[in-house]
Amino acid sequence: MNEELHERIREVVASVPEGTVSTYGDVAARAGASTPRLVGRVLAEDGHDLPWHRILRADGTPAPHLASEQLARLREEGVAADGGRVDLRRFRWRPQ
């Protein structure tokens, strides 16, 4: 992955507003990445200063190894999760 794509992914993640969520696929599409896996890679390696908790799987579930912390952070922002799943129809960020 080149540095430009890396930075575009970071910019998209940083732009997801509080109280909303996005999916790995949404971020990949907005950043021009070929696969959502690249978004996960950037967040794992260089996402500590980003609102990583706002990025979910396509089905609205958090990363399994971070689920407790991710859902707690989302709850603090007013994003509800029913059974460990966020309702993407309600909370998904849809930029203009």
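In case you missed it, the structure is sitting above this.
Let me sum up the structure you'll find in this document. (Residues numbered from 1 in each chain as written. Predicted model: local features only at pLDDT ≥ 70, side-chain atom pairs only at ≥ 80, totals over all residues. Heavy atoms only, no water.)

## Considerations on the overall build of the protein
Applied cut-off: The secondary structure listing takes helices from DSSP runs of H or I that are at least 4 residues long and strands from runs of E that are at least 2 residues long, numbered from the N terminus. Both definitions apply: the radius of gyration is a C-alpha atom measure, and the globule rule equals 2.2 Å times residues to the power 0.38. Accessible area is worked out with a 1.4 Å probe on protein chains only. A residue is then buried under 20% of its type maximum, exposed over 50%, and partly exposed in between. The accessible surface values rely on the Shrake-Rupley method and a 1.4 Å probe; as for residues, cover is taken only from the protein chains in view. Positive charge is attributed to Lys and Arg, negative charge to Asp and Glu, and no charge count is given to His or to the chain ends. By convention, charge coordinates are those of NZ in Lys, CZ in Arg, CG in Asp, or CD in Glu.
Of regular secondary structure, the protein possesses five helices and four strands. Starting at the N terminus and walking to the C terminus, you meet the elements of the protein as α-β-α-α-β-α-β-β-α. Taken over C-alpha atoms, the radius of gyration comes to 12 Å for the protein, in line with the 12 Å a tight globule of 96 residues would show. Seen along its three principal axes, the alpha-carbon backbone of the protein occupies a region of about 35 × 30 × 20 Å. Within the span of the protein, comprising 96 residues, buried residues form 44% of the whole. Entry remark: accessible area of the protein is about 5600 Å², with carbon and sulfur atoms responsible for 45%. The positive charge centre, built from 14 side chains, and the negative charge centre, built from 15, are 7 Å apart in the protein.

## Overview of the environment of Pro36
What counts, and what does not: Here, two residues are considered to be in contact whenever any of their heavy atoms come within 4.5 Å of each other.
Assignment of secondary structure puts Pro36 in helix H3 (residues 36-46). Separated by 35 residues in sequence, Pro36 and Met1 place their C-alpha atoms 13 Å apart. What Pro36 contacts, discounting residues up to four positions off in sequence, is Tyr24, Gly25 and Ala28.

## A closer look at the pattern of salt bridges
Which entries qualify depends on this criterion: Basic side-chain nitrogens of Lys or Arg form a salt bridge, by our definition, when they fall within 4 Å of a carboxyl oxygen of Asp or Glu.
On inspection of all chains with the given rule, the structure shows ten salt bridges. Of the charged contacts in the structure, one is a salt bridge between Glu7 and Arg10, with a shortest N-O distance of 4.0 Å. Of the two residues, Glu7 and Arg10 are both situated in helix H1 (residues 3-15); the distance of three residues between them amounts to about one turn of the helix. Residue Asp87 pairs with Arg89 through a salt bridge whose shortest N-O separation is 3.5 Å. Of the residues examined, Asp87 reaches a relative accessible area of 31% and is grouped as partly exposed.

## Things to note about the environment of Leu50
The residue Leu50 is located in the loop between H3 and strand S2 (55-56) in this model. Separated by 37 residues in sequence, Leu50 and Asp87 place their C-alpha atoms 22 Å apart. Dropping the residues within four chain positions of it, Leu50 is found in contact with Arg10, Val13, Ala14 and Leu43.

## Regarding the nonpolar core
Keep this limit in mind: Buried residues of nine kinds, namely Ala, Val, Leu, Ile, Met, Phe, Trp, Tyr and Cys, make up a nonpolar core once their side-chain atoms join them within 4.5 Å.
In this structure, Ile9, Val13, Val27, Val39, Leu43 and Ile55 are the most contacted members of the largest nonpolar core, which totals 19 residues. Secondary-structure elements contributing two or more residues to this core are H1, helix H2 (24-31) and H3. Those residues in contact with Val27 that sit more than four places away from it in its chain are Ile9, Val12, Val13, Ser22, Val39 and Ile55. Of all hydrophobic cores here, the second largest spans seven residues; its members include Val21, Leu74, Val79 and Leu88.

## Overview of the packing of H1 against H3
Operational definition: To get an axis, fit a line to the C-alpha atoms, keeping to the stretch in contact for a helix; angles then go from 0 to 180 degrees between the N-to-C directions. Angles are sorted into four bins: roughly parallel if under 35 degrees, roughly antiparallel if over 145, roughly perpendicular if 65 to 115, and oblique for all others. Residues were grouped as follows: Ala, Val, Leu, Ile, Met, Phe, Trp, Tyr, Cys and Pro as nonpolar; Asp, Glu, Lys and Arg as charged; and all remaining residues, including Gly, as polar.
At a closest axis distance of 10 Å, the pairing of H1 and H3 adopts a crossing angle of 85 degrees. In terms of orientation, H1 and H3 fall into the roughly perpendicular class. Along the contact surface, H1 presents Leu5, His6, Ile9, Arg10 and Val13, while H3 presents Leu38, Val39, Val42, Leu43 and Asp46. Classifying every residue of the contact of H1 with H3 gives seven nonpolar, one polar and two charged.

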